[in-house]
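If you want the building blocks of each chain, they are given just below.
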Amino acid sequence: MAILVTGGAGYIGSHTIVELFGEGYDVVVLDNLSNSCEKSLERVEEITGKKPKFYKGDIADREVLSEIFEKESIESCIHFAGLKAVGESVAKPLEYYMNNISGSLVLFDEMRKHNVKNIIFSSSATVYGDPAFVPITEECPKGEITNPYGQTKGMLEQILTDMYKADPEWNIILLRYFNPIGAHESGRIGENPNGIPNNLMPYITQVAVGKRECLGVFGDDYDTEDGTCIRDYIHVVDLALGHVKSVKKLEDKPGLKVYNLGTGVGSSVLDVVNTFVKASGVDVPYEMKPRRAGDVPVNFCDATKAKEELGWVAKRDLYKMCEDSWRWQSNNPNGYEE
Ligand code: NAD
Ligand code: UDP
């Protein structure tokens, strides 16, 4: 039996495959490579000695999905595939809704047709909007989502919930990720953004490696200790291990479950910069910039439910996240391009 990993060539997908192989699972990847390249899967093979079976194709393509479900013996699906750039989603809402929503609907429908009703979905802390309280538990009400990317996460959670209500044979785990950073310890796989990074850590590492001059810190007048926003950064390997625990949970037929995956520790933008400088030994020049539209001041989770029900705890601290991000970036200044 194998796990179908959509979007498996991407950042979180590639790290998750390494950990799935570590636990002896077989993996089949479906990815259209719109935001990744096959090299990440070759590197997974370098690390683990195993290469996942790869289908280059789109989650909206019924033909390729049928082929996969007919040829491979798929037990469950981890659904990472999706477009994820917040700013781009504001400029191209239709592309985001088509890719993330229409694509996922086709995937779910083909899963149902082939009687594969076990799925783990990549959701996000973005569904809490500006959270009603912190630390955020899974009971925290969903908030106002300010961009189409985030809307696709909220909508897909709702769609999956409605599917479960109509047919309780489904087992569905919605994982709400906080801020994944870091890379595999080997320095062979990592985050590889196209163009100018939107997210904090890839921007920092690109400044450190000399590709960008200076980090802009978006806002220093928030009501926090140093005035910059607080987030719950989580090492991508811990996040990957959360998926392995979720796959095991699916084996108990849990019905519909929702879990936060974060460390429970909030760090400010300046905490991240300062820790990175310590871990890498490289200076990161930065300047204060105005607030970025849509940013929530403070966002970190209570991960007790994942600990109690999945037996999962994030173990890697911010220093380790910075060390591993730096190893990846400094060994691969141009990502997977050699
Ligand atoms: P990523 O872009 O590195 O990986 C996504 C992968 O999906 C890419 O390899 C891309 O080529 C593929 N893909 C996109 N659309 C596809 C389609 N229609 N058909 C087939 N493949 C397609 O992103 P990531 O950081 O690894 O994120 C994985 C998932 O986790 C995404 O759904 C993302 O929204 C979600 N998520 C990410 C973060 C984060 O900060 N990285 C936070 C919360 C949630
Ligand atoms: N941030 C920043 N400069 C950057 C990118 C991000 O100051 O170049 C800040 C951003 O305002 C937020 C935090 O870093 O407070 C994390 O941002 P990111 O985009 O990585 O994740 P988000 O929490 O917005 O999903």
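Further up the page is the structure itself.
Note that the structure is a prediction, hence the values are computed from the model and not measured.

Let's hear about the site of ligand 2: which residues, and what values?
Taken together, 14 residues lie around ligand 2, and Gly216, Phe218, Arg231, Arg292 and Asp295 are the ones closest in. Phenylalanine 218 places a polar main-chain atom, nitrogen or oxygen, 2.9 Å from an oxygen atom of ligand 2. In this structure, an oxygen atom belonging to ligand 2 sits 2.6 Å away from a side-chain N or O atom of arginine 231. Across the complex, the protein chains shield 86% of the 520 Å² of accessible surface that ligand 2 would expose by itself. With four residues, strand E8 (residues 215-218) is the single largest residue contributor to the shell around ligand 2.

An account of the pairing of strand E3 (residues 53-56) is needed here, citing residue identities and associated values.
Here four bridges tie strand E2 (residues 26-31) to E3, and the two strands are oriented parallel to one another. Looking at the pairing, valine 29 lines up with phenylalanine 54 of E3. In this view, the connection linking E2 to its parallel neighbour E3 by way of helix H2 (residues 39-48) has right-handed handedness.

Pulling in residues and values, what's your account of the packing of helix H7 (residues 200-208) against helix H9 (residues 269-280)?
Remark: H7 packs on H9, axes separated minimally by 11 Å, with the N-to-C direction vectors making an angle of 35 degrees. The handedness of the crossing between H7 and H9 is right-handed. Here H7 contributes Leu200, Met201, Ile204, Thr205 and Ala208 to the contact with H9, which in turn contributes Val269, Val272, Val273 and Phe276. Looking at the contact of H7 with H9, its residues break down into eight nonpolar, one polar and no charged.

Any chance you could break down the packing of aromatic side chains for me, citing the residues and the numbers?
Between two aromatic rings, the relevant description is the distance of the centres plus the angle of the planes. Within this structure, the stated rule accounts for three aromatic pairs. Residues phenylalanine 276 and tryptophan 326 carry aromatic rings whose centres are separated by 5.7 Å and whose planes lie at 85 degrees to one another, so their mutual orientation is edge-to-face. Highlighted residues: phenylalanine 276 in helix H9 and tryptophan 326 in helix H11 (residues 318-331), separated in sequence by 50 residues. Exposure remark for phenylalanine 276: the relative accessible area of 0% places this residue in the buried category. Against the face of tyrosine 222 rests arginine 291, its NZ or CZ located 3.9 Å from the ring centre. Taking the ring centre of tyrosine 259 as reference, the NZ or CZ of lysine 305 above it sits at 5.3 Å.

Kindly report on the nonpolar core, identifying the contributing residues and their values.
Ile17, Leu20, Leu261 and Trp312 are the most contacted members of the largest nonpolar core, which has 48 residues in total. If you list the elements that add at least two residues to this core, you get strand E1 (2-6), helix H1 (11-22), E2, H2, strand E6 (171-177), helix H8 (236-250), strand E11 (256-261) and helix H10 (304-310). Sequence-distant contacts of leucine 261, defined by excluding residues within four places in its chain, comprise Leu175, Arg176, Tyr177, Phe178, Ile234, Leu239, Gly242, Ala306 and Trp312. Core analysis: the next-biggest nonpolar cluster, separate from the first, contains 28 residues, Val28, Leu30, Cys77 and Met111 among them.

Rules used throughout
Residues numbered from 1 in each chain as written. Chains lettered and ligands numbered in written order. Predicted model: local features only at pLDDT ≥ 70, side-chain atom pairs only at ≥ 80, totals over all residues. Heavy atoms only, no water. Near = heavy atom within 4 Å. Polar contact = N/O pair within 3.5 Å; in protein donor to acceptor, adjacent residues only side chain to side chain. Areas by Shrake-Rupley, 256 points an atom, 1.4 Å probe, with all protein chains shown as cover. Helix = DSSP H or I, 4+ residues; strand = E, 2+ residues; numbered from the N terminus. Pairing = 2+ DSSP bridges. Right-handed = clockwise from strand over helix to strand, strands pointing away. Axes fitted to C-alpha atoms, helices over the stretch in contact; angles between N-to-C directions. Left-handed = near helix turned anticlockwise from the far one by under 90°. Contact = heavy atoms within 4.5 Å. Nonpolar A, V, L, I, M, F, W, Y, C, P; charged D, E, K, R; others polar. Phe/Tyr/Trp six-rings, centres within 6.5 Å; stacked < 30°, edge-to-face > 60°. Buried < 20%, exposed > 50% of the residue type's maximum accessible area, 1.4 Å probe, protein only. Lys NZ or Arg CZ within 6 Å of the ring centre and 35° of its normal. Core = buried A, V, L, I, M, F, W, Y, C linked by side-chain atoms within 4.5 Å.

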